[in-house]
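Breakdown of the fold
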Amino acid sequence: MKKGQILEGTVEKVMFPNKGIVRSEEGRKIVVKNTVPGQKISFFVTKIRKGTCEGKLLEVLEQSPLESETCACPHFGICGGCNYQNLNYENQLELKEEQLRELLSPVFTAQGTDFDSVFEGIKPSPGVFEYRNKMEFSFGDSEKNGPLALGMHKRGSFYDIVNVEHCRIVEEDYRRILVCVRSFFEEKKCPFYHKMRHEGYLRHLLVRKAVKTGDILIDLVTTTQVQGFEEAVLLEELKKRILSLPFDGNVAGILHTRNDSLADVIKNEGTDILYGQDYFYEELLGLKFKITPFSFFQTNSLGAETLYETVREFISAENLTGSTVFDLYSGTGTIAQILSPSADKVIGVEIVEEAVEAAKENAALNGLSNCAFIAGDVLKVIDNLEEKPDLIVLDPPRDGIHPKALEKIGGKFGVENMVYISCKPTSLVRDLETLQRYGYQVMRGCGVDLFPGTCHVETCVLLGRK
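A few points on the structure. Since this is a predicted model, take the numbers as computed values, not measurements. Counting of residues starts from 1 at the beginning of each chain's written sequence and follows it residue by residue. Given that this is a predicted model, residues contribute local features only at a pLDDT of at least 70 and side-chain atom pairs are listed and counted only at 80 or more, while totals for whole chains, interfaces and linings are drawn from all residues. Neither water nor hydrogens contribute to the side-chain values; these are computed over all heavy atoms in the structure.

1. Re a positive patch on the surface
Under the convention used in this document: Excluding any residue in a salt bridge, patches collect residues exceeding 30% relative accessible area, merging like charges within 9 Å and nonpolar Val, Leu, Ile, Met, Phe, Trp and Tyr side chains within 5 Å. Accessible surface is estimated by sampling points in the Shrake-Rupley manner with a 1.4 Å probe; for residues, cover comes only from the protein chains shown. What makes a salt bridge here is a side-chain nitrogen of Lys or Arg within 4 Å of a carboxyl oxygen of Asp or Glu, nothing more. Note on charges: Lys and Arg go in the positive column, Asp and Glu in the negative column, and His and the chain ends are not counted at all. To locate a charge, take atom NZ for lysine, CZ for arginine, CG for aspartate or CD for glutamate. The way it works is that DSSP assigns letters per residue, a run of H or I at least four long becomes a helix, a run of E at least two long becomes a strand, and they are numbered from the N terminus. Exposure classes here rest on a 1.4 Å probe applied to the protein chains alone. A residue is buried below 20% of its type maximum, exposed above 50%, and partly exposed in between.
A surface patch of positive charge is lined by Lys3, Lys19, Lys33 and Lys47. With respect to the secondary-structure elements, Lys3 resides in the segment before β1 (6–15). A relative accessible area of 64% means that Lys3 is categorised as exposed.

2. Here we look at the side chain of Glu305
The condition is simple: Two residues qualify as a contact provided that any one of their heavy atoms is within 4.5 Å of a heavy atom in the partner residue.
Residue placement: Glu305 occurs in helix α5 (residues 301–314). Not counting residues within four places of it along the chain, the set of residues in contact with Glu305 comprises Lys212, Glu283, Leu284 and Leu285.

3. Focus: the pairing of strand β11 (residues 215–222)
Taken residue by residue, a regular strand's side chains alternate between the two faces of the sheet. Cut-off, in case you're wondering: For two strands to pair, DSSP has to find at least two bridges joining them. By the criterion used throughout, a crossover qualifies as right-handed when its path from the first strand across the helix to the second strand runs clockwise, the strands pointing away from the viewer.
Most of β11 is tucked away, with eight of its eight residues classed as buried. By the bridge criterion, seven bridges tie strand β10 (residues 202–209) to β11 in an arrangement that is antiparallel. If you follow Val207 over to β11, its bridge partner there is Ile218. The turn linking β10 back onto β11 is made up of five residues, and Gly214 within it adopts a positive phi angle of 80°. As judged from the eight bridges shared by β11 and strand β12 (residues 250–258), these two strands associate in the parallel manner. The residue of β12 that forms the bridge with Asp215 is Asn250. After leaving β11, the chain enters helix α4 (residues 231–243) and then returns to the sheet as β12, a path that is right-handed.

4. Concerning the sheet that holds strand β2 (residues 19–23)
To be explicit about the condition: Lines fitted to C-alpha atoms define the axes here, with helix axes fitted over just the stretch in contact, and angles between the N-to-C directions of these axes take values from 0 to 180 degrees.
Taking strand neighbours around the barrel as the criterion, the five strands line up as β1-β2-β3-β5-β4 in a closed arrangement whose pairing is mixed. Geometrically, the sheet is characterised by an average inter-axis angle of 50° between neighbouring strands, direction not taken into account. Strand direction decides the pairing type here: β1 and β2, joined by four bridges, are antiparallel. Along β2, the bridge assignment pairs Val14 with Gly20.

5. As for the pattern of salt bridges
A side chain of one charge can pair with a side chain of the opposite charge if their charged atoms are brought near each other. What the rule picks out here adds up to 29 salt bridges. Where Glu361 meets Lys290, a salt bridge forms, and the shortest distance between an N and an O atom there is 2.8 Å. On the criterion of sequence distance, the pair formed by Glu361 in helix α7 (residues 353–365) and Lys290 in strand β15 (residues 287–291) is long-range, its members being 71 residues apart. A salt bridge links Glu387 to Lys345; its shortest N-O distance comes to 3.1 Å. Placement of Glu387 in the loop between α8 (378–381) and β19 (391–394) and of Lys345 in strand β17 (residues 345–350) is noted, with a sequence separation of 42 residues between them. For Lys345, a relative accessible area of 29% translates into the label partly exposed. Through salt bridges with shared partners, a single ionic network connects Glu171, Asp173, Arg176, Lys209 and Asp248.

6. A word on the packing of aromatic side chains
Quick note on the threshold: The pairing test for Phe, Tyr and Trp rings, Trp by its six-membered ring, is centres within 6.5 Å, and the orientation test on the planes gives stacked under 30 degrees, edge-to-face over 60, and tilted for anything in between.
All chains considered together, the criterion is met by nine aromatic pairs. Aromatic side chains Phe158 and Tyr159 sit 5.0 Å apart centroid to centroid with 85° between the ring planes, which places their arrangement in the edge-to-face category. What makes Phe158 partly exposed here is its relative accessible area of 46%. For Tyr159, a relative accessible area of 40% translates into the label partly exposed. Taken together, a centroid distance of 6.0 Å and an interplanar angle of 50° make the contact between Phe289 and Phe297 tilted. A relative accessible area of 0% means that Phe289 is categorised as buried. Phe297 sits in the buried class, given a relative accessible area of 6%.

Next up, the structure:
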């Protein structure tokens, strides 16, 4: 086998995240993304390494028995946003559970535990379609020098953008806004920001909608490269065009954010309110949370309730009355506030200062006086904490916990129980292996699907000290 060859094969399985495994005639393992088990495919060999090879999918020659006859989303296969829209939801859950089992079973085996006695399967999302409460759309073109596009990145492309006016993971209000804004700037012939030349005006469109209240925030993200038009007049006309739409929800605010950074991310370098306000409120498990355009909040509100109810269920056997809980990597403090009614005190630690301020504001909004939030790196802050926790909740970013922080958490406090929530199970497995060396073992574990149609999944485990 050589780089550049075009080969055919059948996908044996798909490993997390989105890694289809095909075997060559000589038995070598080839990783081909964007596939499902059972498909016969043709692929282009892109890399050859000692252990594995990588290929790029060219064509599905024969469909998998797992695939549905029709796909719910007309953009699937072109848009890079989803991976499993060609599977019915039951098959998506089975695939994700199989991936979790393969990743977690060595950890359970190492501690001498029967896997099925501890692992509780995967909990489905309450909504399979139209479940997202936040979308970040990009401006660009679908082909070089093509017409203006506003949507998601094309699968496998950094530059090409796909119009996704029929996207199924968001509600109709998102689609109305998307089409309206794209049509408006097509009429005005405004240039999008070109990533190579670093020229242009339009960058992103951020839309958030609260599931419980129906409030909507719309944020147009542009550069400051205003040429050939009066920006204030343009934005005023855009605001009127948006407000004329027949919404199912309520527009809480229309905003304009400036971003001249070179990175292809939404960065707030100044935001103006064009209409209304720059926040709305969402509700989770009876608590209110203030959401701004750039607040971290789980993108599936109803799925987040399932996840946080799982956390409460895992620690229900523990009497939290009179106890102190550490919520490390606390974000905007959702978990801390959900646990606070049962605990004596909850201390959240989060490195993003804006998230800490939001957590304090939300705690005050909910009348919770036993929550304290500290801005700082967990690795450094835990050395200065005088309180001794009775329970620790860990909800780190995708890459998991810094090894030195994990050593301090596992070795310094000696709590009887921890709850670890992870959006990347490969990082979770690595960290669980470290915590096992400090005498912890998994007592309960399950997946919670917050991302139907995609390859992503949340995992929640309860750890007990031996």
